[in-house]
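Working through the structure, step by step
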Amino acid sequence: MVENARSRTPEGGDVANSKLLQAYRRQKAEPEDDREKQEREQSERRTQKRTASGESIVVDFVASFVAGGNASFEPVKGRVLMSQRRLILATSKSKTDIPITSIFDIAVGQVPPEVEEFFDYTVMVGYIIGKRRRTTVIGGDRETIEKFTLLLFRAALNGSRAQVTHPARIGGRVLDTPRRPTGLHLDYEAVTFPDDDGPLTENGEPFHIDLASVIFFEVLERTVDDEKRLVLSVQHVKQGQTVTTEISLKSRRKMNILGRYLRLVYHWIKSNVRNIEVTEQGLEVLVGLYSAGEMAAEVDFSELLGVEQAVLDEALETLHDEDLIDDDAIPTSLTPQGRFVVNEEIEDVNV
């Protein structure tokens, strides 16, 4: 079942066991109280580094890199710094400034053959200076590069304006849903479309696409505001139905980066379930938890599924060991990998 998941151009390598991403999920599952959050933010403001021009530095680490399409392809060691406005690669002899607005591509694990012998884990950044396209390859340990990459994606896309058609289709049925203007914000497990006017809200919350629910996506060309634009068409499972949402950003540069982000996170989730064999019993428990939601803790869940409590306990323990649920006892919730498995099953049924 999982082997038949569909995507295009998976990238990023096997990052399923990333300590960074596991910690990110734990942080979301255990939110800080207001006092802890306030104290942390005050501490960060006191210690935050700034550039000479007063920009706040959000990234600062040492790495090896080839900057600006260096003709020698010889990596150098230096500091990688990033503010909300620019990426800076600095050595004792040189400094390369890359405006965030000039970045058109972010590719994890894709290294030009000329430099692949020098790096173990990398991110390649494509950008434009003047009218020339340039690339830089930054290498380091997996956790550092992943954390930097996530921050770079957010710096490039958060706060962008988008046009969203939701739902454009439900199943195979095309709907006459108008495009609506909205914002765009990247989270690790979702793409959210916030807007003060609330044109895309569900149950009082901004509309979002759970990236674990994505089953297929492609880039199409549509006429938007009387001009040809690229549109990202995303098929995802919502409340047991296959729904298609279409997203358009005016900037082709940003559309390319958004597509890269979707592929990266999709591949991470898929790679973590590729070799998992889920039994029929385990799948039944997963689907039951998915359908019941928070109500699973309020009912006799074993009776609901028609199984003995000992059988349910064993299934929960196995699903937790395989990182498909957050805890081995009810109440629990599905991890992104668990939601992916359920959504694949729902899609198989709907086909």
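Residues numbered from 1 in each chain as written. Predicted model: local features only at pLDDT ≥ 70, side-chain atom pairs only at ≥ 80, totals over all residues. Heavy atoms only, no water.

**A look at the overall build of the protein**
The helix and strand inventory of the protein stands at eight helices and 17 strands. Sorting the 351 residues of the protein into buried and exposed places 46% on the buried side. In the protein, the proportion of contacts linking residues at least 24 apart, taken out of those at least 6 apart, comes to 55%. Surface accessibility of the protein: about 18500 Å² in total, with carbon and sulfur atoms responsible for 46%. (Helix = DSSP H or I, 4+ residues; strand = E, 2+ residues; numbered from the N terminus. Buried < 20%, exposed > 50% of the residue type's maximum accessible area, 1.4 Å probe, protein only. Contact = heavy atoms within 4.5 Å. Areas by Shrake-Rupley, 256 points an atom, 1.4 Å probe, with all protein chains shown as cover.)

**Points about the environment of Asp313**
As for its placement among the helices and strands, Asp313 is situated in helix 7 (residues 309-321). For Asp313, a relative accessible area of 38% corresponds to the partly exposed category.

**Structural notes on the pairing of strand 6 (residues 122-129)**
Of all eight residues making up strand 6, six are buried, and the element is well covered by its neighbours. Of the strand pairs in this sheet, strand 5 (residues 103-108) and strand 6 are connected by five bridges, and their pairing is antiparallel. Paired with Ile103 across the strands is Tyr127, a residue of strand 6. As defined by bridge partners, strand 6 adjoins strand 7 (residues 132-139) across eight bridges and the pair is classed as antiparallel. (Pairing = 2+ DSSP bridges.)

**Some words on the confidence of the model for the protein**
On average, the protein scores 80 in pLDDT, and the residues at 70 or more come to 79%. This stretch, residues 1-21, has a pLDDT under 50; its non-local contacts, to residues over four places away or in other chains, come to 64 contacts. Under a pLDDT of 50 for its full length, residues 42-47 has, in the predicted model, zero contacts with residues more than four places off or in other chains. (pLDDT = per-residue confidence, 0-100.)

**Some words on the nonpolar core**
Counting 78 residues, the largest nonpolar core has Val80, Ile103, Ile138, Phe148, Ile247 and Val285 as the members making the most contacts within it. Among the elements that line this core, the one with the most residues is helix 4 (residues 252-271), at 10 residues. With sequence-adjacent residues up to four places away left out, Phe148 is seen in contact with Val59, Phe61, Val80, Met82, Leu87, Val123 and Ile138. By size, the runner-up hydrophobic cluster in this structure holds six residues, among which are Val66, Ala107, Met124 and Val137. (Core = buried A, V, L, I, M, F, W, Y, C linked by side-chain atoms within 4.5 Å.)

**Overview of the pairing of strand 15 (residues 214-224)**
The pairing of strand 15 with strand 16 (residues 227-238) spans 10 bridges and is antiparallel. Within strand 16, the residue paired with Val214 across the bridge is His236. Counted along the chain from strand 15 to the antiparallel partner strand 16, the turn is two residues long, and its residue Asp225 has a positive phi close to 50°.

**Things to note about the packing of aromatic side chains**
Applying the stated criterion across every chain, the model contains five aromatic pairs. Between the aromatic rings of Phe153 and Tyr261, the centroid separation amounts to 5.1 Å while the plane-to-plane angle is 65°, which identifies the pairing as edge-to-face. In this pair, Phe153 sits in helix 3 (residues 142-157) while Tyr261 sits in helix 4, placing the two residues 108 residues apart along the sequence. Each member of the pair, Phe153 as well as Tyr261, is classed as buried. Clustering of aromatic rings is evident, with ring pairs tying together Phe217, Tyr266 and Phe340. Here Arg133 stacks its cationic end above the ring of Phe104, 4.3 Å away from the centre of that ring. (Phe/Tyr/Trp six-rings, centres within 6.5 Å; stacked < 30°, edge-to-face > 60°. Lys NZ or Arg CZ within 6 Å of the ring centre and 35° of its normal.)

**Here's the deal with unusual backbone geometry**
For the bond running from His166 to Pro167, omega is -10°, close enough to zero to count as cis. Note that Pro167 resides in strand 8 (residues 161-170). Cis peptide bonds are those with omega within 30 degrees of zero, and the linkage from Ile330 to Pro331 qualifies with 5°. Mapped onto the secondary structure, Pro331 falls in the loop between helix 7 and helix 8 (336-350).

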